[in-house]
Amino acid sequence: MNPCCRSYSKSFLSFLTKINTIRNFSCSNTTRTNNAPENNENTIIVDKDESITLIGINRPKQRNAINAETAESLSNAVAAFEADDTSPIAVLYGVGGTFCAGYDIQELETQCEKGSLDFLLRHEGSVGPTRRHPKKPIICGINGFCVASGLELALMCDLRVMEDTAILGFFNRRFGVPVSDGGTARLAAIVGYARALELLTSGRRIDGKEALNIGLANRLVATGTALGQAVNLAFSIVKFPPASLMRDRSCLYTNAYTRHGFRAAMQTEIMNTSKEVLTELKEGVQRFKKVDPLQPKVDGWHVKEKPIPEWERIEIAHEKDAKKKV
């Protein structure tokens, strides 16, 4: 066997063991970000195996909705990853069955009561470093709901691995909450202008099959495997020579925005927020409190459970065996 293949297999098995630890909500192998909340809750957890960094959003009770402190911690985690010369790629995921339900509605309500748009005007973005292009590749594993600014967070990533029962959508449309984390700058470059316009204006849900067909998702995987498959994809990329890979990635990104420019698109998105938008936003928060669109029994929005295919059962069994041997 090629020595590189042996190293790859050993590293991948090691990472699968750590994934199982994360699924069990153990924080024994995680590092707390510098700006974690004072209640000792690790809302962003970071782990590393050799060259791959794992960054997890850990607010499962809030469906991984992101508040200001969590956004800052996520930005710090991404910045630390970017500064780490030993880690060329990262995987972003959500703990507890949901990738990210967007901006925290409780904090949004507080901002609205103050008549403040500060959450829209943060330099890094309301849910993390979404108003800039990460210096190194990030893959996200999408499970459950990935909606509103949570979808914009996924668009920030280079590649998206999506479970077949996950749901995407700009659900913020029906509550008058504007797109403010790079969605208008990135979406058209990913799926094309016509599709982007339809998805932004309709606010409808997008299932895995459609997301894959239009290029919004790069890979569609079985329920419960997004994180593992995202890590697998990261391993398949990290084995290549990094200099040329980063150069080509940078060129592709630059060329994707040559028509208007990414910064100009971001500026347009940030500055086109009026008092009328704020009024609609305040009204939308109140409607949201009365009707939660993520509840399973409201308007049929729910994540359907599907049987695990045989190949996935074999993979899970291998993961359990690897865990026992550690």
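As a reminder, the structure under discussion sits directly above these lines.
So, a few notes on the structure that sits alongside this text. Because the structure is a prediction, the values reported are computed rather than measured. (Residues numbered from 1 in each chain as written. Predicted model: local features only at pLDDT ≥ 70, side-chain atom pairs only at ≥ 80, totals over all residues. Heavy atoms only, no water.)

**Let's talk about helix 2 (residues 68-83)**
Taking 1.5 Å per residue as the helical rise, helix 2 with its 16 residues ought to reach 22 Å, and the 23 Å between its terminal C-alpha atoms agrees with that figure. What helix 2 keeps buried is the set Thr-70, Ala-71, Ser-73, Leu-74, Ser-75, Ala-77, Val-78, Phe-81 and Glu-82. Those residues of helix 2 that are buried are in contact with strand 2 (44-49), strand 3 (52-57), strand 4 (89-94), strand 5 (138-142) and helix 5 (149-156). (Helix = DSSP H or I, 4+ residues; strand = E, 2+ residues; numbered from the N terminus. Expected span 1.5 Å × (residues − 1). Buried < 20%, exposed > 50% of the residue type's maximum accessible area, 1.4 Å probe, protein only. Contact = heavy atoms within 4.5 Å.)

**Some details on the packing of aromatic side chains**
Pairs of aromatic rings are described using the distance from one ring centre to the other and the angle between the two planes. This structure, assessed with the given rule, holds 0 aromatic pairs. Sitting over the face of the ring of Phe-171, Arg-174 holds its NZ or CZ atom 5.0 Å from the ring centroid. (Phe/Tyr/Trp six-rings, centres within 6.5 Å; stacked < 30°, edge-to-face > 60°. Lys NZ or Arg CZ within 6 Å of the ring centre and 35° of its normal.)

**Thoughts on the pairing of strand 7 (residues 159-163)**
Extensive coverage of strand 7 is indicated by the burial of 4 of its 5 residues. With 4 bridges joining them, strand 5 and strand 7 adopt parallel strand pairing. Each residue of the ladder has a partner; that of Ile-142, found in strand 7, is Met-162. Alignment of strand 7 against strand 10 (residues 219-221), held across 3 bridges, turns out to be parallel. Looking at strand 10, one finds that Val-161 is bridged to Arg-219. (Pairing = 2+ DSSP bridges.)

**So, the nonpolar core**
When a protein is soluble and globular, its nonpolar side chains tend to lie buried together. If you look at the biggest cluster of nonpolar residues, it comprises 47 residues, and the most contacted ones within it are Leu-92, Phe-99, Ile-142, Leu-153, Leu-168, Leu-187 and Leu-216. Filtering out sequence-adjacent residues up to four positions away, Ile-142 remains in contact with Phe-99, Ala-154, Arg-160, Val-161, Met-162, Glu-163, Ala-166, Leu-168 and Ala-226. Counting 18 residues, the second largest nonpolar core, distinct from the first, contains Ile-45, Val-95, Leu-233 and Phe-235. (Core = buried A, V, L, I, M, F, W, Y, C linked by side-chain atoms within 4.5 Å.)

**Let's talk about the environment of Gly-228**
The residue Gly-228 is located in helix 9 (residues 226-238) in this model. Taking the C-alpha atoms as reference points, Gly-228 and Glu-315, 87 residues apart in sequence, are found 9.9 Å from one another.

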